[in-house]
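Structural features, examined
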Amino acid sequence: MTKAEIASEIAKTTGIDKAAVVTVIEQFMTVVKDSLAHGENVYLRGFGSFIVKTRAEKTARNISKNTTLIIPAHNIPAFKPANCFKEEVAK
């Protein structure tokens, strides 16, 4: 399902103009991205959590050049679904 399809479904269900729904979805995504960029987690009860995970430093190999690379520690965004969400999907 795409963002446009989600917006259409919400607009049809709620009766709100589709353009307004798209604006709300865009703003929601902006707030989540900005929060994660500043190291803040976003918790949505009954849905899940958008969290920042830290990947440890690790050693990798470039096989073609036979060299070793050090990949520094870095943060990545992740989503952890709520238990009720996992149960609903598992049905």
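Anything mentioned here points back to the structure above.
These numbers were taken from a predicted model, which means no experiment stands behind them.

**Some details on the overall build of the chain**
Broken down by element type, the chain carries three helices and five strands. Overall, the chain shows an N-to-C arrangement of helices and strands of α-α-β-β-β-β-β-α. Against the globule reference of 12 Å for 91 residues, the chain gives a C-alpha radius of gyration of 19 Å, more extended than a compact globule. Each principal axis of the C-alpha distribution contributes one length, and for the chain these read about 60 × 30 × 25 Å. In the chain, which comprises 91 residues, the proportion classed as buried is 16%. Residue pairs in contact within the chain that sit at least 24 positions apart in sequence constitute 28% of those at least 6 positions apart. Accessible surface, the chain as shown: approximately 7,300 Å² in total, 58% of it carbon and sulfur. Between the averaged position of the 13 positive side-chain charges in the chain and that of its 9 negative side-chain charges there is a distance of 10 Å.

**Examining the environment of S64**
Relative to the helices and strands, S64 resides in the loop between β3 (58–62) and β4 (67–71). A relative accessible area of 70% means that S64 is categorised as exposed. In terms of polar contacts, S64 uses its side chain to reach the side chain of N62, at 2.9 Å.

**Overview of helix α2 (residues 18–37)**
Along an α-helix, residues three or four apart share an orientation, since each turn contains 3.6 residues. Given a rise of 1.5 Å per residue, 20 residues ought to cover 28 Å, and the 29 Å separating the end C-alpha atoms of α2 matches this to within 8%. By the burial criterion, the buried members of α2 are V21, I25, V32, S35 and L36. Down the axis of α2, the smallest arc covering the buried residues is 100°, so these residues share one side. Along α2, exposed side chains directed more than 90 degrees from the buried face belong to T23, K33 and A37.

**A closer look at a nonpolar patch on the surface**
Taken together, the side chains of M1, I6 and I10 make up a nonpolar region of the molecular surface, amounting to roughly 300 Å² of accessible area. Tracing the sequence through the fold places I6 in helix α1 (residues 3–14).

**Quick word on the pattern of salt bridges**
Enumeration according to the criterion identifies two salt bridges in this entry. Here K3 and E26 are joined by a salt bridge, their closest N and O atoms 2.3 Å apart. Of this pair, K3 sits in helix α1 while E26 is found in helix α2, placing the two residues 23 residues apart along the sequence. Residue class for E26 comes out partly exposed when judged on its relative accessible area of 34%.

**Concerning the packing of α1 against α2**
Here α1 crosses α2 at 125°, and the two axes come no closer than 9 Å. Taken together, the axes of α1 and α2 are oblique relative to one another. Crossing geometry of α1 relative to α2 is assigned as right-handed. Each of K3, A4, I6, A7, S8, I10 and A11 in α1 lies in contact with α2, whose residues at this interface are K18, V21, V22, I25, E26 and M29. Looking at the contact of α1 with α2, its residues break down into nine nonpolar, one polar and three charged.

Conventions adopted
Residues numbered from 1 in each chain as written. Predicted model: local features only at pLDDT ≥ 70, side-chain atom pairs only at ≥ 80, totals over all residues. Heavy atoms only, no water. Helix = DSSP H or I, 4+ residues; strand = E, 2+ residues; numbered from the N terminus. Rg over C-alpha atoms; globule rule 2.2 N^0.38 Å. Buried < 20%, exposed > 50% of the residue type's maximum accessible area, 1.4 Å probe, protein only. Contact = heavy atoms within 4.5 Å. Areas by Shrake-Rupley, 256 points an atom, 1.4 Å probe, with all protein chains shown as cover. Lys, Arg positive; Asp, Glu negative; His and termini not counted. Charge placed at Lys NZ, Arg CZ, Asp CG, Glu CD. Polar contact = N/O pair within 3.5 Å; in protein donor to acceptor, adjacent residues only side chain to side chain. Expected span 1.5 Å × (residues − 1). Arc of directions from axis to C-beta. Patch = residues over 30% accessible without salt bridge, like charges linked within 9 Å, V, L, I, M, F, W, Y side chains within 5 Å. Salt bridge = Lys/Arg side-chain N within 4 Å of Asp/Glu carboxyl O. Axes fitted to C-alpha atoms, helices over the stretch in contact; angles between N-to-C directions. Parallel < 35°, antiparallel > 145°, perpendicular 65-115°, else oblique. Left-handed = near helix turned anticlockwise from the far one by under 90°. Nonpolar A, V, L, I, M, F, W, Y, C, P; charged D, E, K, R; others polar.

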